[in-house]
Amino acid sequence: MRLLFSNPINISFLFSNLLSSSNSLRIGLSDSLRSRRVIFPYLTTQSSSLSMAAIPPLSPSVVEEGLARKLWIKFRRESVFAMYTPFAVCLASGNLKIETFRHYIAQDVHFLKAFAQAYELAEECADDDDAKLSITKLRKGVMEELKMHNSFVQEWGTDLAKEVNNNSATLKYTDFLLATASGKVEGVKGPGKLATPFERTKVAAYTLGAMSPCMRLYGFLGKEFQALVNPNGGDHPYKKWIDNYSSESFQAAALQTEDLLDKLSVSLTGEELSIIEKLYHQAMKLEIDFFCAQPLAQPTVVPLIKEHNPEEDHLILFSDFDLTCTVVDSSAILAEIAIVTAPKSDQNQPECQLSRMSSAELRNTWSLLSGQYTEEYEQCIESILPSKEVKEFNYEALHKALQQLLDFEKRANSRVIESGVLKGISLEDIKRAGERLILQDGCTSFFQKIVKNENLNANVHVLSYCWCGDLIRASFSSGGLNVLDVHANEFVFKESISTGEIVIKVESPIDKVQAFNNIVEKYGNDRKKLTVYVGDSVGDLLCLLEADIGIVIGSSSSLRRIGSQFGVSFVPLYPGLVKKQKEYVEGSSGIWKGRSGILYTVSSWAEVQAFILGW
């Protein structure tokens, strides 16, 4: 049993629809959750020294309704993948080989020249004098960037841009920019044939739609890299590059590009705005491809599977389910299914069915159970915390302390079983609810990429306190993930109707870590194993620490309080990877190991995928 909603009535209307609707429910549930953040404290964004971990930073002066801001937020996932590319991680760490940086600069010179040309074409199309003036200033900014690149060339004594030809990624990017700026988009006429000022403005808007994500992305990366540069340490070899893209002048130029896109797109139709969105997204993907195309002749910590050999290596992925994969807790879901399918107080129940409480009685009983659980949980957490903070990581002491949760969870689960609140739920309703359950953004696609990758020797295990494993299996089956191994508790059914009994298999951190170790041991020692665990709560803490890599998603305050008191360090994943990249040299071994006392924090599955699988 997990920390329950103290007021389940707030989501009851959602689950009455869950049993009968499909897409409309998805939208309704998502909107409802956004409006009820106060009720779901564990869904709030985790604080981090890196703003990227949640949503990349945006200028406060960009109004919420602005098109550029909406698109940047919508495609924030791509900014995560750009940041986690091997090239970007090595550049941020400062140990990027100079040969790679030289090649990048040569390619970027070709790109910036095309960027300046695109601005020039947009300026010709802009009908408004203020817009023309803004584009002129932006084009001058690109010329300043080229001057910075020329300063690198002068230091090296050769003009690499003349020596190095465009690679395919650079060509695709520059061709895309110039084609867009020339009006070669979705059948739009070329600049020379544009008959009206509106048609010309539309092409200018399309061009800015293809250019603004590049400006914002570089401004974002510059700021994030700058935050990782030690002000008291030695000189960062790429400090000039970082200083340029983190500078106020470049941030202002990125904002000016976005403001201009907003202005030029005001009069466009929905279809035309959709075209801009496609261009924006395409530009983001091309930028990632551009970074990925830079040749790296050095070992890197990303992606994790880069050196995976299926003949010799075995990747074992573990994940919690509730609030790690889902946006709501499964116990509340199961209770609401029981409530909305229960008979009303004035309804007679068929003799052939199990006797059930009325919906009103169920709701009152559930409210009492959840309230009691919440109160006792908080008391239990307080009792676990040591009187003095442990200065060094102490796994054994933590393991012993968390044993107190075992008795607490047993009592809580016994009360639920004895209450009969879960009696009479049909297996069909559970599966239907599972199939329509909303999972965290990027969770399903990550697991799909894992299981479909034929070059991986990988297994995925879901370890959960969920009362009903059928709910978990149904939630993943809708994404074609029937191959995931689910380790959870199970309902007892009689003719596909729950009896209210639960076969308890996993109900405490001790149970979870025992299951974790049993699974790992089952795979033997014939291959080199690498274990990764993704979780969000105190129940996951021991597994997170046992795994070679423990990734905490979300912001559970109780997890952090207990972990910190026993010497556990919580490190935002990206700066943690940059630090490891600084230390990583050819032939390094044992870079990841369990029980290190270090857990890496993220707040999106995009970060998990970017780290493990890459783009």
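Residues numbered from 1 in each chain as written. Predicted model: local features only at pLDDT ≥ 70, side-chain atom pairs only at ≥ 80, totals over all residues. Heavy atoms only, no water.

Named according to an unreviewed UniProt entry, the protein is Thiaminase-2/PQQC domain-containing protein originating from Acer negundo.

Run through the overall build of the protein, naming residues and quoting values.
Each helix and strand in the protein was counted, giving 25 helices and 10 strands. Counting over 615 residues, the protein shows a buried share of 56%. Of the contacts formed within the protein by residues at least 6 apart in sequence, a portion of 79% connects residues at least 24 apart. When the accessible surface of the protein is summed, it comes to about 26100 Å², and 48% of that surface belongs to carbon and sulfur atoms. (Helix = DSSP H or I, 4+ residues; strand = E, 2+ residues; numbered from the N terminus. Buried < 20%, exposed > 50% of the residue type's maximum accessible area, 1.4 Å probe, protein only. Contact = heavy atoms within 4.5 Å. Areas by Shrake-Rupley, 256 points an atom, 1.4 Å probe, with all protein chains shown as cover.)

Tell me about the pattern of salt bridges, and name the residues and values.
As enumerated under the stated definition, the model contains 20 salt bridges in all. Glu 382 serves as the salt-bridge partner of Arg 561, at 2.9 Å between the closest nitrogen and oxygen. Linking Arg 561 in helix H23 (residues 557-565) with Glu 382 in helix H15 (residues 359-384), this pair joins segments that are 179 residues apart in sequence. Arg 561 sits in the partly exposed class, given a relative accessible area of 38%. (Salt bridge = Lys/Arg side-chain N within 4 Å of Asp/Glu carboxyl O.)

Explain the sheet that holds strand E3 (residues 458-463) to me, using residue names and the numbers behind them.
Strand order in this open sheet of 7 strands is E4-E3-E1-E7-E8-E10-E9, and the pairing throughout is parallel. Looking at strand neighbours, the two that pair on one side only are strand E4 (485-487) and strand E9 (569-572), the edges of this open sheet. Neighbour-to-neighbour, the strand axes of this sheet turn through a mean angle of 25 degrees, independent of strand direction. Sheet contacts for H23: strand E8 (549-553), E9 and strand E10 (598-602); angle to E9, the most-contacted strand, approximately 125 degrees. Sheet strands touched by helix H25 (residues 605-612): strand E1 (313-319), strand E7 (528-535), E8 and E10. Its angle to E8, the strand with the most contacts, is close to 160 degrees. (Pairing = 2+ DSSP bridges. Axes fitted to C-alpha atoms, helices over the stretch in contact; angles between N-to-C directions.)

Residues and numbers for the packing of helix H10 (residues 197-228) against helix H12 (residues 248-264), please.
Two elements in contact, H10 and H12, have axes separated by 8 Å at closest approach and are oriented at 150 degrees. It follows that H10 is roughly antiparallel to H12 by the angle criterion. In this structure, H10 crosses over H12, and the sense of that crossing is left-handed. Counted together, Thr 201, Ala 204, Ala 205, Leu 208, Gly 209, Ser 212, Met 215, Arg 216, Tyr 218, Gly 219 and Lys 223 of H10 and Phe 250, Gln 251, Ala 253, Ala 254, Leu 255, Thr 257, Glu 258, Leu 260, Leu 261 and Leu 264 of H12 form the full contact between these two elements. For the contact of H10 with H12, the class distribution of residues is 12 nonpolar, 6 polar and 3 charged. (Parallel < 35°, antiparallel > 145°, perpendicular 65-115°, else oblique. Left-handed = near helix turned anticlockwise from the far one by under 90°. Nonpolar A, V, L, I, M, F, W, Y, C, P; charged D, E, K, R; others polar.)

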